[in-house]
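# A structural walkthrough
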Amino acid sequence: MEIMTNQEKRIHKIKNLKNLPTLPQILIKLIEACNNEETTHKELSEIISKDPSLSAKIMRLVNSSYLGLNTRIKTIEQAVVYLGSDAIRNMAISASVVQVFSHVKGDSLFSLNRFWRHSLMCASIARKIAKESSYEYPEEAFLSGLLHDIGKLVLWVNFKEDYPEILKDCEENPELFIGAEMRLGTTHCEVGAFLIRQWKFNPLVADAVLYHHEPVDKILHALPLVKIVYVANILCVKYDE
């Protein structure tokens, strides 16, 4: 009988979770198109336009005060040309991920408003750090920051009795949080990284999610994206306090 390693056991545990979300097919096509350097702006806009709901969400984001553009964007193709395929892809992913988890109900222990606020703040700080440090892909840093805690939503949904207890027990001692999660057989870092690989995002994004709670000495020689998200998350936690 073959004996599984601890890592294999954790991956097996994640694979057998009942509520692992899947992304909309239109988004999968969009990600594949964005990863193809030969895809034109017109082709990207045509993919997005096939989903009216996604198109509307992207247009709202593009023209929101958050981006502060000097001109009003009127079509998806204009948005792709003006902002670039990476930014549009990340907007689509952001909108779709929020939609995928829209059925999740939080409570006083796990506030969804606080969760998304922290995620967006981490994403914004990660992108700023990326730009300041001349990292080549700031939009990738934004996406990694946005998704760094996505595994928490999966654990909250799958362990409706145990996870609230973990959150309650670690409310005053957050440094014990990852160790407490391991009682479930996995952590939100591992679940998040697994999801991102399943969704066929850039593997570097999965690494950034996987390692964002590692001891600092293990991050010193990590790849730039891992360091960026690691620091962004620390700054967010300090701000939240």
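What counts and how
- Here, residues in each chain are numbered from 1, in the same order as that chain's written sequence.
- Owing to the predicted nature of the model, reporting of local features is limited to residues with pLDDT of at least 70; listing and counting of side-chain atom pairs is limited to 80 or more, with chain, interface and lining totals taken over all residues.
- Derived side-chain values reflect all non-hydrogen atoms in the structure, with water molecules and hydrogen atoms excluded from consideration.
- Here is the rule: rings of Phe, Tyr and Trp (six-membered ring for Trp) pair when centre to centre is within 6.5 Å. Planes less than 30 degrees apart are stacked, more than 60 are edge-to-face, and the remainder are tilted.
- Each residue is placed in one exposure class: buried if its accessible area under a 1.4 Å probe, protein chains only, is under 20% of its type's maximum, exposed if it is over 50%, and partly exposed if it falls in between.
- Fitting a line to C-alpha atoms yields each axis, with helices limited to the stretch in contact; the angle taken between N-to-C directions then spans 0 to 180 degrees.
- Strands here mean DSSP runs of E at least two residues long; helices mean DSSP runs of H or I at least four residues long; both are numbered from the N terminus.
- If an angle is under 35 degrees, it is roughly parallel; if it is over 145, roughly antiparallel; if it lies from 65 to 115, roughly perpendicular; otherwise it is oblique.
- The contact definition used throughout considers only heavy atoms, calling two residues in contact when any of these lie within 4.5 Å.
- Under this grouping Gly is polar, as are all residues other than the nonpolar Ala, Val, Leu, Ile, Met, Phe, Trp, Tyr, Cys and Pro and the charged Asp, Glu, Lys and Arg.
- Throughout, the arc means that of the directions going from the helix axis to the C-beta atoms.
- Multiplying one less than the number of residues by 1.5 Å gives the expected span of a helix.

### Focus: the packing of aromatic side chains
For the coordinates displayed, the defined rule picks out six aromatic pairs. Summarising the aromatic geometry, the rings of F110 and F115 are spaced 5.7 Å apart at their centres and angled 45° between planes, so their arrangement reads as tilted. Among the residues examined, F110 registers a relative accessible area of 6% and is labelled buried. For F115, a relative accessible area of 6% corresponds to the buried category. A network of ring pairs unites the aromatic residues F110, F115, W116 and W156 as a single cluster.

### Things to note about the packing of helix α7 (residues 112-132) against helix α9 (residues 150-158)
It is the contact of α7 with α9, at a shortest axis distance of 10 Å, that shows an interaxial angle of 160°. As summarised for this structure, α7 and α9 are arranged roughly antiparallel, according to the angle between their axes. Contacts between α7 and α9 involve L112, F115 and W116 on the former and, on the latter, I150, K152 and L153. Considering only residue class, the contact of α7 with α9 consists of five nonpolar, no polar and one charged.

### Things to note about helix α10 (residues 162-169)
Each turn of an α-helix holds 3.6 residues, which means side chains three or four residues apart point in the same direction. If you check which residues of α10 are buried, you get Y163, P164, I166 and L167. One side of α10 carries all its buried residues, which in axial view fall inside an arc of 160°. The elements touched by buried residues of α10 are α9, α11 (177-181) and α12 (188-198).

### Concerning the environment of T75
As for its position among the elements, T75 is in the loop between α4 (52-62) and α5 (76-83). It is 10 Å that separates the C-alpha atoms of T75 and A56, two residues lying 19 residues apart in sequence.

### Description of helix α6 (residues 85-100)
The first and last C-alpha atoms of α6 sit 22 Å apart over 16 residues, in line with the 22 Å expected at 1.5 Å per residue. Among the 16 residues in α6, 12 count as buried, and that is most of the element.

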